[in-house]
Amino acid sequence: MTASRLATGGSAIDRSRPIRFSFDGATVHGFAGDTIASALLAGDIAVVGRSFKYHRPRGIWGAGVEEPNALVDVGGPRATPNTRATTEPARDGLVAKSVNATPNALADRNAFLDRFSRFIPAAFYYKTFMWPDWHMFEPRIRAMAGLGKVDTDWTSPGTSDQINHHCDVLVVGAGPAGLAAARLAAGTGLSVMLVDDQPKPGGSLGHRAGGIDGKPAAVWVEETVAELTAGGHLILPSTTAFGIYDHNLVGLNQRHPDGRPDTLWRVRPRQIVLATGAIERPLPFANNDLPGILSADAALAYLRRHAVLVGRRIVVATNNDSAYEVAGALAEAGAEVTLVDIRREGMPATPAKVRLIKGRALAAANGKLRVEGVTLDDGTRLDADCVLVSGGWTPTIHLFGQARGKLAWSEARAAFLPGDPVDGIAVVGAAAGAVSLSEVFANSAKAVASFGQTKAAMPRSTGPEATGGITAAWPMPGSKGRIWIDYQNDVTVKDVELAARENFVSVEHLKRYTTLGMATDQGKTSNLPGLALMAGITGRTVPEVGTTTYRPPFTPVPLASFSGARAGELMAPVRRLPLESVHRDSGALFQEYGGWLRPAHYGGRDAGADGAIQYEALRARQSVALFDGSTLGKIEVIGPQVAEFVDFIYYNTMSTLKPGRCRYGFMLSENGVVFDDGVLVRLDEHRFIVSCSSSHVAAVHARLEEWRQDRFGRDAVHIHNATAEMATLTVSGPNARKLLQTLDFGLSLDDADLPHMAIGHGTYAGDEVRIARVSFTGDRSYEISIRADRAEPLWAHLRQAGQAFDATVIGLEALMILRAEKGFIVIGKDTDGTTLPHDLGLEGPRAKRQTEFVGRRSLFTEEASRGDRLQLVGLTVPQGEAPLPTGAHGIRRSDGKLHSQGFVTSSYQSPTLGRPVALGLIERGAARHGEAIEIQHLGKVRTATIAAPCAFDPAGERLHA
Amino acid sequence: MQLFPCPFCGPRDETEFHYGGDAGNARPDGTQVPIDRWANYLYLRSNPKGTAREIWVHMTCGEFFVMDRDTVTHNVLSSATLGGEHVA
Ligand SMILES: [Zn+2]
């Protein structure tokens, strides 16, 4: 092949803007408007990559998305591996590298593999490396496999935008069919969106001859685009519709010429018009994968769009009419053209300066690194520096197939066409099998007619009309030589024959066994020839063999488009405290707890984290601690039937609670398992506040809503989640009341007025505050709830007043020690998905309650009544020993074996007690206090003593001290 | 991505919804409910091929509702509020 750039012409390129980029280290020259492929062709670079399996030299095949061969890794800020050189714009300074080739495409050191090709048939790797173990061979095979290389140092230069959009009509494809459909649809008054994967609208009109409404096609395209734009319709070039999903949601990936990351569009149109065109197929002959063998239509596109003449002595091989225009145009441009048609009659007129050989097919291409000539099926040899082939056209009906559209085989077109229509989707133009522009326009008009009366006139074809004559030329079983079907995955006629011999005759088996159509091009040029060959081998028709399932994406879409802004911190955003910055100023170290970012402890950079936590837990017991409990759930339930409602929701009877009082209780799931625990506050007769675990707020809220709507009715109860509205600041410790008494809340803090498990209402700096005497530490505690945006002055005031009492701010880690000392459980930590309320020592409601509640029936099953259930206990170890490992198992020995009898759920060093404390779930634990138990962890066995869960102040005197 | 018609909000993306179970799976009350009846209520699902009547919740408005849809074609046949109240 001696390709070259012509001195004039090229509708896509701007000769005033020359560019330079590098390919495999060599400098390539081009113009703005070139693709990487057109610039490589202009530079006569024939070998642009190596094939997947045999490392065969490969050249550019096509001029669009179907490209199986010319994949390159593009570097730089928009680095993308395995990019199609035929669609990637050439940009100044771009660095491109061929794939699957070391050191480069021309001199690939794995090219020796091709000489062993007959020993590497389909499924060779699976069959050969099974013994003794595939995993022995896998790493080296994997290192050889794959195409492009991912640049692991690459970081995104920005975030992909994601846009949700809706319109009346979405037209996919801006060729003649799509433009006509868009214009006619716009004429009905509907809103239209027109997308096309090329940088410029026009489709085949960009390089095929044609006249419309008496004008050159290019002029008609410009006028139509201008008209649509002026009408406020959205036209997106460089945008691929890659998938149709449920209920006709269409996914679009838009590329930007300025280098911004791609944009993902989710479009919900009322009507979809698919004007996606057709893709030219190769022809089967030996060595049909040699560089210098191109799609005939692609050669015409390179000539007319990029002014690239792909060769000097060109053989055009065809079985259909579409190659005649190509042959004529190339001869006109100065090439010596021989047209070889398998047909003997019924062909179009032979173009001027073209030599026609009819009734002959190519038997083989000759040449090593690039094509040097061809041998015809009668043995005639022709010299050629370029071979163009047209094996017919495969309508691009991927999106129709994704929408579960059934296909119908057309013998006349030798292709699958859209079958029965799918609701809301019309297929027009070449995708529907139309050939001439007249046919295309009539087709579009018919599709749009159902949208309404249009004011736009149907375009008329006024130029030469294409014809669609074709005689099918499928790969034949028993053919001589190596005939490629799937270029990218190196699948040949012999591989398909092998699959048939081994009975992989179903099209889905054929695909997986040979990898036909499984490469990055998804078989756009190879699927139909492959299944036609299988039909020939097995004596079936093509429709009997059928097609594989069409799945998105149509072309590869960057993962960054799908992730959009949902990366890094936004992947799973944490919830933040209103006072986060205040805590940071106090030296807090933050950790995520159940979706909330909370202070784990304060300081500790010197003493270490453990030291800081121990210090906080000790000081909290000695005087007074301040704790930010704002994450605590605060869900208000209000309404005439609210008492009945909370009785049903809770395991404990709650309707007997007096206004102004609080009660601790469990919520169960319907399977009886403890789902959440917390304190219920009764504000008045018809108003409660459910305070639930911080990480459970959304789930508890959803459950309350479910029961409210399903069982009680919307008028009976109203639910409001006020968690984020209020901050809750906790003051806990022997000096808690004394500290609070230095502030004026306008209410009495005397125990007679505000006893344990009561609430009071006051004000602070003009804002209402709610003070609840509930305790998660076992010490006298006050939880003060205030508007979240007014919490900061109160917190500062508490800290300042606390100085007189040597108050300490504590984080969540110290709080976990304080509650474990008291035997207070954390649901999900000290319980699991089998823990029933009576396992935790709360037997009363199960035994006594007469009214219905969630999970009730599940508490009376055989399983719930088993004598050997795991029960909550404390576990003590002798002073001086380290805390038990959380998760360690209590064990029993019998028959020389170890059996688990439960496990440690929480375990800490208690600074107040000067020894470890632990909680666990142990078989029959409640009846075994005082008993010794062996605890095993990672093979080490220690002895602990089963005890009551509460290790500190079991009488609860400190609540009132 | 499917489009579900919330009876309160209109058609919205399926990502805004959670599945709530088979419609008509009435809860039997009391401790005397036969255990297999209770187990059916808790665990047995009909999983029909074709038309299914299901409870869904629209997470963004918090409302539970009944939806009839086809589990094969994903066509939504209808949706209605739980109590059949009038919704604007
Ligand atoms: Zn809604």
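Note that this is a predicted model, so its numbers are computed, not measured.

The number of helices and strands found in chain B is one helix and six strands. With respect to the three principal axes, the spread of C-alpha positions in chain B is 40 × 30 × 20 Å. Of all 88 residues assigned to chain B, the portion counted as buried reaches 39%. The long-range fraction of contacts in chain B, counting pairs at least 24 apart against all pairs at least 6 apart in sequence, stands at 40%. By element, 53% of the accessible surface of chain B is carried by carbon and sulfur atoms, the whole surface being about 5000 Å². Considering chain B, the positive charge centre built from 7 side chains and the negative charge centre built from 11 side chains are found 5 Å apart.

Moving on, we come to the overall build of chain A. Helix and strand content of chain A: 22 helices and 52 strands. Relative to a compact globule of 961 residues, whose C-alpha radius of gyration would be 30 Å, chain A shows 38 Å and is clearly more extended. Overall size of chain A, expressed as C-alpha extent along the three principal axes, is 110 × 75 × 55 Å. Counting across all 961 residues of chain A, residues that qualify as buried make up 56%. In the form shown here, chain A has an accessible surface area of approximately 39700 Å², with 54% of it arising from carbon and sulfur atoms.

Turning next to the nonpolar core. All names here are of chain A. Of all hydrophobic cores here, the largest spans 45 residues; its most connected members are Ile36 and Leu388. Per element, the largest residue contribution to this core is seven residues, and it comes from helix α7 (residues 322–332). Sequence-distant contacts of leucine 388, defined by excluding residues within four places in its chain, comprise Leu294, Ser295, Ala296, Ala299, Val310, Ile314, Val315, Val316, Ala317, Val326 and Leu330. Counting 33 residues, the second-largest nonpolar core is a separate cluster that includes Ala186, Val221, Ala434 and Leu437.

What follows is about the coordination of the zinc ion. Residues and elements named next belong to chain B. Within the first shell, the zinc ion binds the protein through Cys6 (SG), Cys9 (SG), His58 (ND1) and Cys61 (SG), at distances of 2.0 to 2.3 Å. Coordination geometry of the zinc ion: the four donor atoms subtend angles of 107 to 113 degrees at the metal centre, consistent with an arrangement described as tetrahedral. Spacing between the donor residues of the zinc ion along their common chain follows C-x2-C-x48-H-x2-C. Here the residue cysteine 6 occupies a position in strand β1 (residues 3–6), and cysteine 61 occupies one in the loop between β4 (51–58) and β5 (63–70), the gap between them amounting to 55 residues.

Let us look at the packing of aromatic side chains. Both the distance between ring centres and the angle between the ring planes are used here to describe each pair of aromatic rings. Scanning the entire structure with this criterion turns up 21 aromatic pairs over all chains. Arranged with centres 6.4 Å apart and planes meeting at 20 degrees, the rings of Tyr651(A) and Phe666(A) form a pair that is stacked. With a gap of 15 residues between them, Tyr651(A) in the loop between α17 (642–649) and β38 (662–668) and Phe666(A) in strand β38 connect regions that are remote in the sequence. Relative accessible area serves as the criterion here: at 0%, Tyr651(A) is assigned to the buried category. Given a relative accessible area of 2%, Phe666(A) falls into the buried group. An aromatic cluster is defined as three or more aromatic residues linked by ring pairs; in this entry it consists of Phe4(B), Phe17(B), Tyr19(B), Trp56(B) and Phe65(B). When the ring centre of Phe590(A) is taken as reference, the NZ or CZ atom of Arg584(A) above it lies at 4.3 Å.

A few words now on the sheet that holds strand β50 (residues 915–923) of chain A. All names here are of chain A. Reading around the barrel, the six strands line up as β47-β50-β49-β48-β51-β52 and close back on themselves, with antiparallel pairing between neighbours. Direction aside, the axes of adjacent strands within the sheet are offset by 45 degrees on average. As paired elements, strand β51 (residues 932–937) and strand β52 (residues 940–947) share six bridges and run antiparallel to each other. Bridge pairing in β52 places alanine 932 opposite threonine 945. Packing of helix α21 (residues 812–822) onto the sheet brings it into contact with β49 (897–910) and β50, and relative to β49 it is tilted by some 120 degrees.

If you look at the interface, chain A gives 27 residues, while chain B gives 26 residues. Buried surface at the junction of chain A and chain B, summed over both partners, amounts to about 2200 Å²; 47% is from carbon and sulfur atoms. Considering only the surface of chain A that becomes buried against chain B, His247(A), Arg714(A) and Arg857(A) emerge as the three largest contributors, covering 32% of it. In this assembly, chain A and chain B are joined by five salt bridges. Salt-bridge contacts for Arg268(A) lead to Asp13(B); the nearest nitrogen and oxygen are separated by 2.8 Å. Partitioning the side of chain A that touches chain B into residue classes produces eight nonpolar, six polar and 13 charged.

What follows deals with the UniProt feature "domain: SoxA A3" (unreviewed entry) in chain A. The UniProt entry lists residues 480–562 of chain A under the feature "domain: SoxA A3" (unreviewed entry), expressed in the numbering used here. Segment residues 480–562 of chain A splits into 45% helix and 6% strand. End C-alpha atoms: 46 Å apart.

All names here are of chain A. Their axes nearest at 10 Å, the elements helix α10 (residues 493–501) and helix α11 (residues 507–514) cross at an angle of 120 degrees. If you check the angle between α10 and α11, you find them oblique. Here α10 runs over α11; the crossing is right-handed. Facing Asp495, Val496 and Ala499 of α10, the residues of α11 in contact are Leu510, Tyr513 and Thr514. Taken together, the residues that form the contact of α10 with α11 break down as four nonpolar, one polar and one charged.

In this section: the domain arrangement of chain A. According to the domain assignment, chain A contains domain 1 (4–107 + 282–390), domain 2 (162–279 + 395–449), domain 3 (474–545), domain 4 (625–818) and domain 5 (823–959). Placing the centre of domain 3 of chain A and that of domain 4 of chain A at their C-alpha centroids yields a distance of 69 Å.

Let us look at the environment of Ala572(A). All names here are of chain A. Within the secondary structure layout, alanine 572 lies in the loop between α14 (559–563) and β33 (575–576). Judged by its relative accessible area of 58%, alanine 572 is exposed. Measuring from C-alpha to C-alpha, the distance between alanine 572 and glycine 595 comes to 8.5 Å, with 23 residues separating the pair along the chain.

Moving on to the UniProt feature "domain: Aminomethyltransferase C-terminal" (unreviewed entry) in chain A. In the numbering used here, UniProt assigns the "domain: Aminomethyltransferase C-terminal" (unreviewed entry) feature to residues 871–953 of chain A. In the segment residues 871–953 of chain A, helix accounts for 0% and strand for 59%; the C-alpha atoms at its two ends are 21 Å apart.

Once that is clear, we can look at helix α12 (residues 527–538) of chain A. All names here are of chain A. The end-to-end C-alpha separation of α12 is 17 Å, in line with the 16 Å expected for twelve residues at 1.5 Å each. For α12, the full list of buried residues reads Leu528, Pro529, Gly530, Leu531, Ala532, Leu533, Met534 and Ala535. Glycine 539 occupies a position one or two residues after α12 and carries a positive phi of about 70 degrees.

Residues and elements named next belong to chain A. When you tally the buried positions in α17, you get six out of eight residues, the bulk of the element. Inspection of α17 places Val642, Phe645, Val646, Asp647, Phe648 and Ile649 among the buried residues, and these make up the whole buried set. Buried-residue contacts for α17 involve β37 (635–638), β38, β39 (674–684), β40 (687–690), α18 (697–712) and β41 (718–721).

All names here are of chain A. The amide bond that connects proline 552 to the next residue, proline 553, takes the cis arrangement and shows omega of -5 degrees. Take proline 553: it is sitting in the loop between α13 (542–545) and α14. At alanine 307, a position not held by glycine, the phi torsion is positive, near 55 degrees. Relative to the assigned elements, alanine 307 resides in the loop between α6 (296–306) and β19 (308–309).

Here the focus is the sheet that holds β38(A). The strands making up a sheet associate through backbone hydrogen bonding, with each pair oriented either parallel or antiparallel. All names here are of chain A. Here we have five strands laid out as an open sheet, ordered β38-β39-β40-β37-β41, and antiparallel in their pairing. At either end of the open sheet lies a strand with only one pairing partner, and these are β38 and β41. Direction aside, neighbouring strands of the sheet carry axes that sit 25 degrees apart on average. Both β38 and β39 contribute to a ladder of seven bridges, which runs antiparallel. Note that in β39 the partner of leucine 668 across the bridge is valine 674. Sheet strands touched by α18: β37, β38, β39, β40 and β41. Its angle to β41, the strand with the most contacts, is close to 170 degrees.

Conventions used here
Residues numbered from 1 in each chain as written. Chains lettered and ligands numbered in written order. Predicted model: local features only at pLDDT ≥ 70, side-chain atom pairs only at ≥ 80, totals over all residues. Heavy atoms only, no water. Helix = DSSP H or I, 4+ residues; strand = E, 2+ residues; numbered from the N terminus. Buried < 20%, exposed > 50% of the residue type's maximum accessible area, 1.4 Å probe, protein only. Contact = heavy atoms within 4.5 Å. Areas by Shrake-Rupley, 256 points an atom, 1.4 Å probe, with all protein chains shown as cover. Lys, Arg positive; Asp, Glu negative; His and termini not counted. Charge placed at Lys NZ, Arg CZ, Asp CG, Glu CD. Rg over C-alpha atoms; globule rule 2.2 N^0.38 Å. Core = buried A, V, L, I, M, F, W, Y, C linked by side-chain atoms within 4.5 Å. Donors = N, O, S within 2.8 Å, 3.2 Å for Na, K, Ca; no water. Tetrahedral: all angles 85-135°; square planar, octahedral: opposite > 155°, others 65-115°. Phe/Tyr/Trp six-rings, centres within 6.5 Å; stacked < 30°, edge-to-face > 60°. Lys NZ or Arg CZ within 6 Å of the ring centre and 35° of its normal. Pairing = 2+ DSSP bridges. Axes fitted to C-alpha atoms, helices over the stretch in contact; angles between N-to-C directions. Buried area = accessible area lost by both parts, 1.4 Å probe. Salt bridge = Lys/Arg side-chain N within 4 Å of Asp/Glu carboxyl O. Nonpolar A, V, L, I, M, F, W, Y, C, P; charged D, E, K, R; others polar. UniProt positions renumbered as here; feature names shortened; annotations may be inferred. Parallel < 35°, antiparallel > 145°, perpendicular 65-115°, else oblique. Left-handed = near helix turned anticlockwise from the far one by under 90°. Domains from an automatic or database assignment. Expected span 1.5 Å × (residues − 1).

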